[in-house]
Amino acid sequence: MKKIQMVDLKGQYKKIQSQINNSIENVINSTAFINGPEVKSFQNNLEKFLDAKHVIPCGNGTDALQISLMSLDLNTGDEIITPDFTFIATAEVIAFLGLKPVFVDVEPGSFNISPDSVKKSLSSKTKAIVPVHLFGQCANMTEINNIAKENNLFVIEDTAQALGAESLSGNGLISKAGTTGDIGTTSFFPSKNLGAYGDGGAIITNNDDLAKKIRHIGNHGMEKKYYHDSIGVNSRLDTIQAAILNVKLKYLDEYNRSRQKAAAFYDEAFQNLENITIPYHSEFSTHIFHQYTILTNPESRDPLRNHLARNDIPSMIYYPVPLHRQEAFGSYRFDDKMFPVTKNLSQRVLSLPMHTELEIEQLNYIVNHVIDFFNNHK
Ligand SMILES: *Cc1c(COP(=O)(O)O)cnc(C)c1O
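First, a word on what this report is: a plain description of the structure on this page. (Residues numbered from 1 in each chain as written. Predicted model: local features only at pLDDT ≥ 70, side-chain atom pairs only at ≥ 80, totals over all residues. Heavy atoms only, no water.)

### A short note on the overall build of the protein chain
- Within the protein chain, the regular secondary structure consists of 13 helices and 11 strands.
- Computed over C-alpha atoms, the radius of gyration of the protein chain comes to 21 Å, within 12% of the 21 Å expected from 2.2 N^0.38 for 378 residues, which places it in the range of a compact globule.
- Principal axes of the C-alpha set define a box for the protein chain whose edges measure 70 × 55 × 40 Å.
- The buried share among the 378 residues of the protein chain stands at 53%.
- Of all intrachain contacts in the protein chain linking residues separated by at least 6 positions in sequence, the fraction that spans at least 24 positions is 74%.
- Accessible surface, the protein chain: about 17,000 Å² in total, of which carbon and sulfur atoms supply 48%. (Helix = DSSP H or I, 4+ residues; strand = E, 2+ residues; numbered from the N terminus. Rg over C-alpha atoms; globule rule 2.2 N^0.38 Å. Buried < 20%, exposed > 50% of the residue type's maximum accessible area, 1.4 Å probe, protein only. Contact = heavy atoms within 4.5 Å. Areas by Shrake-Rupley, 256 points an atom, 1.4 Å probe, with all protein chains shown as cover.)

And the structure:
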């Protein structure tokens, strides 16, 4: 059996090796390393894939969030509502820009931002909501967008973990994750569902004015060369990464189906195991399993993780510390009692190996070791 990894980038590369190598060689031969034609064609291809009016490629998913917030003309101290249970990038950029991150609790099933908690945290200073489509499943965007509309707020969807997932609204409307709010952001970090071979990111919007502003900000605040209208940043997707992403985007749906297949295998094996809770399938979204995350009892998680590690099965805890408890946000002072779900999840989540190259033999080996663990720890 092949060694089990959390993510198997080498195995995935092997299957498309000649296409990838050709695409890289083309860029090197053209020497158009910055803003080469592949960047523009990737932009067009992703716009088509998402059915979005504008895609603006940039340096990484964190920049995508930062530039998006910069485009909204906010003032120091304005409040941005975002989930307590996510990767720090989502909230870091809010604080970095002098805005105030207002963390809210998540739903126990989907682990996504709770619309009820959002409502309770609204204030006269609230300017935007940044929901995160965690682990490959969309937040309840119908409800979030309604709250935003009623209160005149912007919505930025952090789609770093859910590119290709579909957001389902109550009236049967299906839209790609990242296209239902004012702005969507995503990341092409190598382990994401659409991963580059280095850093990369993109911003998505159907709003022409925002698209124009976002383009300026990501390019030193300029439209005409050497005339700068505003303070911007330098954030570009490099041409070699765009060339690689052009190849891999063609396989994104297939990659997501492979993840769903592996998840279905896990689901089937674990569904009657009383010691673990399998991932919830939300009515608001398809699930493309950026992570396959189970819940255990707090007391069994570390022993299970150690048991798996002893048998060469990696696993990860995403995320062990709620954002409101991170040192970095220490100065904001949040009431611990406001985040019971996040607290509970942070003590119980365990993500199992999940990628596009998992083989049945490996999946069997993993589930058997999980089941063995609980049979021996009754
Ligand atoms: C990966 C990730 C980001 C940041 O992406 P980078 O490209 O690493 O900057 C932001 N938000 C979430 C939820 C992520 O998972």
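Past the structure itself, the notes keep going.
### Here's the deal with helix H8 (residues 208-218)
- Every buried residue belonging to H8 is among Leu210, Ala211, Ile214, His216, Ile217 and Gly218, and all of these are buried.
- Those residues of H8 that are buried are in contact with strand E1 (54-58), helix H4 (61-70), strand E8 (183-187) and strand E9 (201-205).
- The N-cap residue of H8 is Asn207: its side-chain oxygen and the backbone nitrogen of Asp209 are 2.9 Å apart.
- Just past H8, the residue His220 takes up positive phi, approximately 60 degrees. (Polar contact = N/O pair within 3.5 Å; in protein donor to acceptor, adjacent residues only side chain to side chain.)

### Brief notes about the packing of aromatic side chains
- With the rule as written, the count across this model stands at 18 aromatic pairs.
- Ring geometry for Tyr13 against Tyr197: centres 6.0 Å apart, planes inclined by 80 degrees, an arrangement best described as edge-to-face. With Tyr13 in helix H1 (residues 9-15) and Tyr197 in the loop between E8 and E9, this residue pair connects regions lying 184 residues apart in the sequence.
- Among the residues examined, Tyr13 registers a relative accessible area of 17% and is labelled buried.
- Pairing Phe329 with Tyr332 gives two aromatic rings, centres 6.1 Å apart and planes at 50 degrees, and the pair type is tilted.
- By relative accessible area, Phe329 is classed as buried at 3%.
- Following the ring pairs from residue to residue traces out a cluster consisting of Phe85, Phe111, Phe135, Tyr318 and Tyr319.
- The ring of Phe49 has Lys176 lying over it, and the distance from NZ or CZ to the ring centre is 4.5 Å. (Phe/Tyr/Trp six-rings, centres within 6.5 Å; stacked < 30°, edge-to-face > 60°. Lys NZ or Arg CZ within 6 Å of the ring centre and 35° of its normal.)

### A few points about a nonpolar patch on the surface
- A surface patch of nonpolar side chains, about 280 Å² in accessible area, is lined by Ile28, Phe33 and Ile34.
- Relative to the helices and strands, Ile34 is located in the loop between helix H2 (17-30) and helix H3 (37-50). (Patch = residues over 30% accessible without salt bridge, like charges linked within 9 Å, V, L, I, M, F, W, Y side chains within 5 Å. Salt bridge = Lys/Arg side-chain N within 4 Å of Asp/Glu carboxyl O.)

### Quick word on the site of the ligand
- In the region of the ligand, 15 residues are neighbours, and Gly61, Thr62, Asp158, Ser187 and Lys192 sit closest.
- One of the side-chain nitrogen or oxygen atoms of Gln161 is found 2.8 Å away from an oxygen atom of the ligand.
- With respect to the ligand, the side chain of Lys192 contributes an N or O atom lying 3.0 Å from an oxygen atom.
- The protein chains hide 91% of the 380 Å² of surface that the ligand would expose on its own. (Near = heavy atom within 4 Å.)

### Some details on the environment of Met222
- Structurally, the position occupied by Met222 is in the loop between H8 and helix H9 (239-249).
- Judged by its relative accessible area of 10%, Met222 is buried.
- Measuring from C-alpha to C-alpha, the distance between Met222 and Ile366 comes to 52 Å, with 144 residues separating the pair along the chain.
- In this structure, Met222 is in contact with His216, Tyr227 and His228, ignoring residues within four places of it in sequence.

### Overview of the nonpolar core
- The biggest cluster of nonpolar side chains holds 35 residues, and the ones touching the most others in it are Phe85, Tyr266, Phe270 and Tyr292.
- Elements that contribute at least two residues to this core include exactly helix H10 (252-270), strand E10 (292-295), helix H11 (298-310), helix H12 (340-348), strand E11 (349-352) and helix H13 (360-375).
- Ranked by residues supplied to this core, first place goes to H13 with 6 residues.
- When residues of this core are sorted by domain, at least three fall in each of domain 1 (9-249) and domain 2 (252-375).
- Those residues in contact with Tyr266, other than ones at most four positions away along the chain, are Tyr292, Leu352, Pro353, Met354, Leu358, Leu363, Ile366 and Val367.
- Core analysis: the next-biggest nonpolar cluster, separate from the first, contains 21 residues, Leu69, Leu72, Ile80 and Val130 among them. (Core = buried A, V, L, I, M, F, W, Y, C linked by side-chain atoms within 4.5 Å. Domains from an automatic or database assignment.)

### Section: the packing of H2 against H9
- Put simply, H2 and H9 touch, their axes get as near as 9 Å, and they point 150 degrees apart. Relative to H9, H2 is oriented roughly antiparallel. With respect to the hand of their crossing, H2 and H9 are arranged in right-handed fashion. Along the contact surface, H2 presents Gln19, Ile20, Ser23, Ile24, Val27 and Ile28, while H9 presents Thr239, Ile240, Ala243, Ile244, Val247 and Lys248.
- In terms of residue class, the contact of H2 with H9 is built from 8 nonpolar, 3 polar and 1 charged. (Axes fitted to C-alpha atoms, helices over the stretch in contact; angles between N-to-C directions. Parallel < 35°, antiparallel > 145°, perpendicular 65-115°, else oblique. Left-handed = near helix turned anticlockwise from the far one by under 90°. Nonpolar A, V, L, I, M, F, W, Y, C, P; charged D, E, K, R; others polar.)

### Details of unusual backbone geometry
- Here Tyr318 and Tyr319 are connected by a cis peptide whose omega angle stands at 5 degrees.
- In this fold, Tyr319 is placed in the loop between H11 and H12.
- Despite not being glycine, Thr31 shows a phi value in the positive range, around 55 degrees.
- For Thr31, a relative accessible area of 52% puts it in the exposed group.
- For Phe289, which is not glycine, the phi dihedral falls at a positive 45 degrees.
- With respect to the helices, strands and loops of the structure, Phe289 is situated in the loop between H10 and E10.

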